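For reference, the chains in residue letters:
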Amino acid sequence: MNHPLQKLVVAALIAAAPALAVAQGKVLKFIPQADLRILDPIATTAYITRNHGYMVYDTLFSIDDKFQVKPQMVDKWEMSKDGLTYTFTLRPGLKFHDGQAVKSADCIASIDRWSKRDALGQKLAEATESWAAVNDTTFTLKLKKPFPLTLDALAKPSSNVPFIMPERIAKTDPFKNLEDPIGSGPFKMVKAEWVPGNKVVYIKNTDYVPRKEAPSWASGGKVVKVDRVEWIYIPDSATAAAALNAGEADIWEQVPPDLIPLLSKNKSVTVKNNDPLGSMGMIRFNFLHPPFNNEKMRQALLYAVNQQDYVIGIAGDPKNGKPCFSYFTCGTPLATEAAADPLKGKRDMEKAKQLVKESGYKGEKVVIIDATDQPIVHSQSLLTLEILKKMGVNAEIQAGDWGTLITRRAVKEPIDKGGWNIFHTWLVGPDMVNPAVNFPIRGTGEKAWFGWPTDAKMEELREAWFNAKDLAESKKAAEAVQRRAFEFVPIIPTGQFILPTAYRANISGLIIAPINLLWNVEKK
Amino acid sequence: MAASPTWRGFRDAFRRHPTAIAGGVILLVMIAIALLAPWLGTVDPQAVAPIKRLKQPSEEFWFGSDMMGRDVYSRVLYGARVSLSIGIAVAILSTLLGLAIGLVTGYIRWLDAIVMRVMDGLMSIPPVLLAIALMALTRASMENVIAAITLAEVPRVTRLVRSLVLTLREEPYVVAAIAAGTRLPRILVRHILPNIVAPLLVQATYVCASAMITEAILSFIGAGTPPNIPSWGNIMAEARSLFQIAGYLIFFPGVCLSLTVLAINLLGDGMRDALDPRLARRM
Amino acid sequence: MFAYVVRRLLATIVVMAVVALVVFLLLYLTPGDPAAILAGDAATSDDIRRIREKLGLDQPFLVRFGGWIAQLIRGDLGTSIFTNLPVAHLIGQRVEPTLSLTLCTLLVSVLVAVPLGVVAAARAGTWIDRGVMAFSVLGFSLPVFVLAYILILIFSIELDWLPVQGYRPIREGLWEWARHLVLPATALGTVYIALIARITRASMLDALAQDYVRTAQAKGLTPSEVLVGHALKNAAVPIVTVIGIGIALLIGGAIVTETVFAIPGIGRLTVDSILRRDYPIIQGVVLIFSGAYVLINLAVDLSYMLLDPRIRY
């Protein structure tokens with residue numbers, strides 16, 4: 001199954017090898033957090049695919065470091081007085097990598113595909129009456145009812161991001177994985193040089209027209225200052241550290257905190273907390289089966305979990321994390337400590353044991369499913385096991401790999417038929433900033449995230465938040481959501497941690513953002 | 001008459017091989033440590049204490065503490081249990097299975113062709129795949145690891161038994177026994193089996209050593225025993241990226257594993273030399 | 001002999017068929033399919049179900065197996081579920097690194113181990129013999145990844161003589177290609193060296209005890225002529241056997257080596273695909289590997305004829 005075209009490309013590369021070395025220009029070597037396998041940022045929420053998306057695609061709007069929505073591909077926009085019609089006009093000169101101009105139809109098709117998978121997009125779609133193209137660069141959105149989060153939705157920074165693709169590609173079934181990475185972003189992917197599991201190659205998109213403003217998170221001008229970017233996936237972190245030290249790579253996206261001393265010794269390497277929002281760990285329950293279908297059992301754990309332990313277990317050094325007693329990412333507008341006392345106050349094992357008794361716990365077995373190839377998941381599992389044992393709960397860990405875990409957590413049966421009671425995971429900061437994107441707290445039962453909590457009250461409060469008209473109302477509504485969360489306990493947040501980035505001395509211009517963005521980066 | 005070495009000959013041969021004896025002694029010491037672990041100054045090997053993570057060897061933590069604050073000394077001692085159990089279990093199981101299959105195929109011609117091709121096929125399935133599949137089917141456990149490694153080792157044992165049976169079948173006393181009308185099971189037990197036991201035992205020691213290393217590799221890939229229960233292999237695998245920062249995490253289990261594997265190999269070599277130097281060719 | 005080769009080749013096809021069935025069955029029975037992994041962490045059960053449908057993973061066993069066999073007969077190894085790239089292309093990308101690593105390891109091991117074994121046999125019973133044997137067994141007693149880290153620490157980090165990781169294709173320069181393979185081949189080879197050295201010693205001892213050796217010595221040949229010209233040639237059969245058997249060991253160790261040194265080889269491809277449940281790749285790799293393995297064994301068996309004129313099929 002060798003396509004003649006591929007043979008040709010290989011032959012051309014061989015012939016051009018020496019010439020290639022010269023023509024490559026400035027090459028940035030980047031060690032990514034994971035291995036890029038899926039090219040479709042709509043079909044999956046995987047962060048590595050999202051990062052790839054930021055390389056090759058562009059968005060209509062973006063968020064800046066003050067959490068404000070800023071236009072990106074859009075030149076100007078207007079909202080009608082009644083809030084039911086939005087009119088968007090694209091910037092001039094936007095082109096896809098195949099040379100085609102970006103048109104309204106492309107944007108509409110892309111948003112449509114995105115809204116079929118993304119929860120916030122679905123909410124927008126519910127409120128939408130129609131999208132229509134006025135001409136090639138202007139299009140409108142008509143809503144059935146006011147949806148104050150419209151622009152926030154279109155500017156969503158993390159999975160799934162409403163990237164704009166050519167119409168023909170955006171028409172792909174959203175449950176099918178697309179393969180053509182043509183976008184209008186600042187980089188182009190060189191698919192012929194892609195070795196999944198090893199290397200991804202991007203080159204500068206010389207046709208890209210950056211905005212004039214300075215870059216701030218994913219907004220502002222995306223000026224690419226290198227010619228070629230190579231994502232070199234190194235699966236072994238000790239090897240990655242050695243590679244960075246030896247200059248075989250320029251940037252390492254996420255440094256396991258324990259390896260920081262290896263890099264700090266080296267004068268040519270800087271280790272920095274480049275991510276202002278970090279990530280939030282969490283304990284998730286199965287609400288369908290005992291004992292955690294009982295609210296008191298879940299509340300009991302609130303009094304026993306010591307976030308400090310989890311943060312150290314995950315991040316190693318207190319410098320790389322801190323407790324965050326909120327269901328919303330600390331450091332963002334909606335973070336609050338309302339009703340957080342059970343988690344925040346002095347640890348009270350006695351109260352925990354008492355609540356266990358009150359819940360009527362009969363000694364049923366509790367199964368924690370663990371993924372040994374995910375250190376963050378694994379360390380949390382060990383800590384929770386310890387706590388449960390101290391509480392007198394008959395708990396055990398059943399370990400597998402991540403693939404096994406996410407398969408098993410989809411099982412709704414009781415544990416003797418392959419079910420589960422607890423699993424752990426983590427989400428990046430942007431994915432927990434408000435009740436819209438924060439999917440773990442949703443109480444929609446069968447349609448909810450794994451665990452399937454049913455909490456009508458929570459859904460009411462979330463709906464109320466959606467209808468908040470300004471920041472003050474939004475904050476109050478969010479507080480109400482959090483109060484409910486501490487009662488119902490959909491998850492237990494285990495702390496906020498930051499995985500630092502490391503880069504060599506000849507690298508500058510790394511944007512401080514919750515996502516690793518590679519425009520603006522210079523290499524001397 | 002079947003020619004089997006006398007026990008005295010065995011002992012004398014051993015004395016001529018000090019390395020084999022050294023190997024045996026080391027192995028016995030390791031087994032003793034494994035059995036006596038709870039009384040050798042250990043604490044709960046699974047007790048986590050993140051505050052005390054990654055401490056160098058000291059009074060409190062004789063071998064240091066790992067990334068979750070667990071005591072490495074205790075983990076290494078209890079780890080001996082898991083590593084040795086896996087090695088011995090795989091050795092026993094693969095030997096018994098290989099013996100059974102090898103005896104049958106060595107004797108029954110038409111079965112031989114089929115079984116040997118199946119063995120070929122089995123050997124070409126990566127043990128990693130088997131291990132992960134087993135792990136995913138149930139969960140990460142010692143039993144699954146033993147099963148996966150055993151399946152990978154059985155073909156080799158089978159080959160050995162088969163080649164031995166093929167040769168022994170032509171021996172005069174066996175031919176005579178067949179001519180005399182002796183039934184197959186009796187021939188197998190009285191004539192063939194005693195001559196296979198010795199090389200089989202030697203092979204078993206090599207399998208044991210190999211299994212212990214394979215367990216470490218499986219843990220490295222993430223398809224090994226659940227890491228909260230320590231084994232020498234998974235202590236090293238879990239700590240691998242901390243090699244330069246907390247080298248003791250790799251050093252202590254590494255030394256124990258190497259010593260034990262070395263000991264087993266020396267023991268096997270000694271046994272082989274003692275029994276019959278010509279055996280060496282077939283191993 | 002021709003008939004023998006033909007018979008073995010036919011048997012190869014049978015073996016591959018059996019392996020194909022076993023692997024397919026194994027994957028079918030293994031819980032977890034790529035749909036959940038594809039969907040990502042935020043997905044709902046519903047999402048996963050729909051993705052699974054699109055991938056055709058909800059079909060019954062025979063339909064899926066039949067479909068795969070039909071594909072194979074057409075010469076199509078299928079398409080990766082995650083990357084949507086053809087499996088043949090993905091494997092093809094990795095053949096050169098794996099072959100390079102394997103061949104270099106074989107070369108290094110044989111070049112080191114055979115002389116070691118010969119020396120040990122020639123000086124049997126002395127401290128040299130014991131030392132050589134203990135040294136070779138030591139290489140076998142440490143897991144490959146520990147050895148690999150030690151090598152990187154000494155040669156890449158401290159001495160800065162060799163690169164830490166990566167693979168450079170031959171077309172980018174023979175020197176770079178070789179430099180990047182030294183450490184991986186050494187780490188992987190130590191296991192092999194132990195095995196080959198031991199077997200060489202044992203069969204050399206056996207050969208040296210034979211009559212023809214004494215005849216050769218009586219004829220006045222020098223010790224080295226005796227060793228290499230007569231004893232070694234006759235000892236070659238079991239050595240070659242072990243090399244063949246050891247290839248399986250190599251693949252297992254290669255996975256670890258490829259991970260530590262970030263070499264994009266078939267071992268890593270296999271493990272990554274297994275962890276992701278990317279069925280087409282797993283099936284394709286195992287099929288090819290089983291075919292290769294059986295063919296290598298055939299080559300080893302045929303090579304006996306060259307090495308030992310008494311063996312004829």
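Residues numbered from 1 in each chain as written. Chains lettered and ligands numbered in written order. Predicted model: local features only at pLDDT ≥ 70, side-chain atom pairs only at ≥ 80, totals over all residues. Heavy atoms only, no water.

A. The arrangement of the overall build of chain A in detail. Scanning chain A from terminus to terminus reveals 16 helices and 21 strands. Rg of the C-alpha trace for chain A: 24 Å, near the compact-globule value of 24 Å for 524 residues, within the 12% margin. By residue count, 61% of the 524 residues in chain A fall in the buried class. Here the contacts in chain A between residues at least 6 apart in sequence split such that 72% fall between residues at least 24 apart. For chain A, the distance from the average position of its 66 positive side-chain charges to the average position of its 58 negative side-chain charges is 2 Å. (Helix = DSSP H or I, 4+ residues; strand = E, 2+ residues; numbered from the N terminus. Rg over C-alpha atoms; globule rule 2.2 N^0.38 Å. Buried < 20%, exposed > 50% of the residue type's maximum accessible area, 1.4 Å probe, protein only. Contact = heavy atoms within 4.5 Å. Lys, Arg positive; Asp, Glu negative; His and termini not counted. Charge placed at Lys NZ, Arg CZ, Asp CG, Glu CD.)

B. Geometry of the sheet that holds strand β12 (residues 269-272) of chain A. Residues and elements named next belong to chain A. Here seven strands make up an open sheet; going across it, the order is β8-β9-β10-β1-β11-β19-β12 and the pairing mixed. Looking at which strands have only one partner, the edges of the open sheet turn out to be β8 (187-189) and β12. The pairing of β8 with strand β9 (residues 199-204) spans three bridges and is classified as antiparallel. Residue pairing for β9: Lys188 is matched across the bridge by Ile203. (Pairing = 2+ DSSP bridges.)

C. Structural context of the interface of chain A and chain C. Tallying the contact residues gives 50 residues for chain A and 47 residues for chain C. Taking both partners together, chain A and chain C bury about 4,300 Å²; carbon and sulfur atoms supply 55% of that area. Counting across the chain A and chain C interface gives three salt bridges. A salt bridge links Lys54 of chain C to Asp173 of chain A, with the nearest nitrogen and oxygen atoms 2.7 Å apart. Across the contact surface, chain A and chain C share 14 residue pairs in polar contact (both at pLDDT 80 or more). Listed by contribution, the elements that provide at least two residues to the side of chain A that touches chain C are α1 (4-23), α7 (237-246), α14 (402-408) and β17 (422-428) of chain A. (Buried area = accessible area lost by both parts, 1.4 Å probe. Salt bridge = Lys/Arg side-chain N within 4 Å of Asp/Glu carboxyl O. Polar contact = N/O pair within 3.5 Å; in protein donor to acceptor, adjacent residues only side chain to side chain.)

D. Structural context of the state of the cysteines. Across all of its chains, the model carries one disulfide over all chains by this definition. In this model Cys324 of chain A forms its disulfide with Cys330 of chain A; the gap between the sulfur atoms is 1.9 Å. Residues Cys324 of chain A and Cys330 of chain A share a disulfide whose torsion about the S-S bond is about 95°; that sign makes it right-handed. Pair check on accessibility: Cys324 of chain A and Cys330 of chain A agree, each one buried. Free cysteine: Cys208 of chain B, not disulfide-bonded; nearest cysteine sulfur from Cys256 of chain B at 15 Å. The class for Cys208 of chain B is buried, based on a relative accessible area of 7%. (Disulfide = S-S within 2.5 Å.)

E. Looking closely at the environment of Ala198 of chain B. All names here are of chain B. Considering the arrangement of structural elements, one finds Ala198 in helix α8 (residues 184-221). Ala198 sits in the buried class, given a relative accessible area of 17%. Residues Ala198 and Leu275, 77 residues apart in the sequence, show an inter-C-alpha distance of 7.0 Å.

F. Structural context of unusual backbone geometry. For the bond running from Ser159 of chain A to Asn160 of chain A, omega is -15°, close enough to zero to count as cis. Topologically, Asn160 of chain A is positioned in the loop between α5 (150-154) and α6 (167-170). Geometrically, the link from Pro290 of chain A to Pro291 of chain A is a cis peptide bond, its omega value of 0° lying close to zero. Inspection of the secondary structure assignment puts Pro291 of chain A in the loop between β13 (279-285) and α9 (295-304). A positive phi angle, close to 60°, is found at Arg277 of chain C, a residue other than glycine.

G. Here's a closer look at the interface of chain B and chain A. Of the residues lining the interface, 25 residues belong to chain B; the matching set on chain A comes to 26 residues. Across the chain B to chain A interface the summed buried area is about 2,100 Å²; carbon plus sulfur atoms make up 62%. Counting across the chain B and chain A interface gives two salt bridges. The shortest N-O distance in the salt bridge between Asp258 of chain A and Arg53 of chain B comes to 2.8 Å.

H. Examining the nonpolar core more closely. Membership of the largest hydrophobic core comes to 305 residues, with the highest contact counts inside it found for Leu60, Tyr202, Trp231, Trp252 and Leu518 of chain A, Ile196 of chain B together with Phe145 of chain C. A per-element tally of this core places α8 of chain B first, with 19 residues. (Core = buried A, V, L, I, M, F, W, Y, C linked by side-chain atoms within 4.5 Å.)

I. A look at the environment of Lys52 of chain B. All names here are of chain B. As for its placement among the helices and strands, Lys52 is situated in the loop between α2 (18-36) and α3 (72-107). Residues Lys52 and Met67 lie 15 residues apart in sequence; the distance between their C-alpha atoms is 8.6 Å. With residues up to four places along the chain from it excluded, the contact list for Lys52 reads Glu60, Phe61, Ser65 and Gly69. A distance of 3.3 Å separates polar atoms of two side chains, one belonging to Lys52 and the other to Glu60.

J. Geometry of the pattern of salt bridges. Residues and elements named next belong to chain A. For the structure shown, the criterion picks out 39 salt bridges over all chains. For Glu358, the salt bridge identified is with Lys296, shortest N-O distance 3.5 Å. One end of the pair, Glu358, is in helix α12 (residues 349-358); the other, Lys296, is in helix α9, and 62 residues separate them in sequence. Since its relative accessible area comes to 33%, Lys296 is described here as partly exposed. In this structure, Lys412 engages Glu446 in a salt bridge whose closest nitrogen and oxygen atoms are separated by 2.7 Å. One end of the pair, Lys412, is in the loop between α14 and β17; the other, Glu446, is in the loop between β17 and α15 (456-466), with 34 residues separating them in the sequence.

Nothing here speaks to function; it is all geometry.
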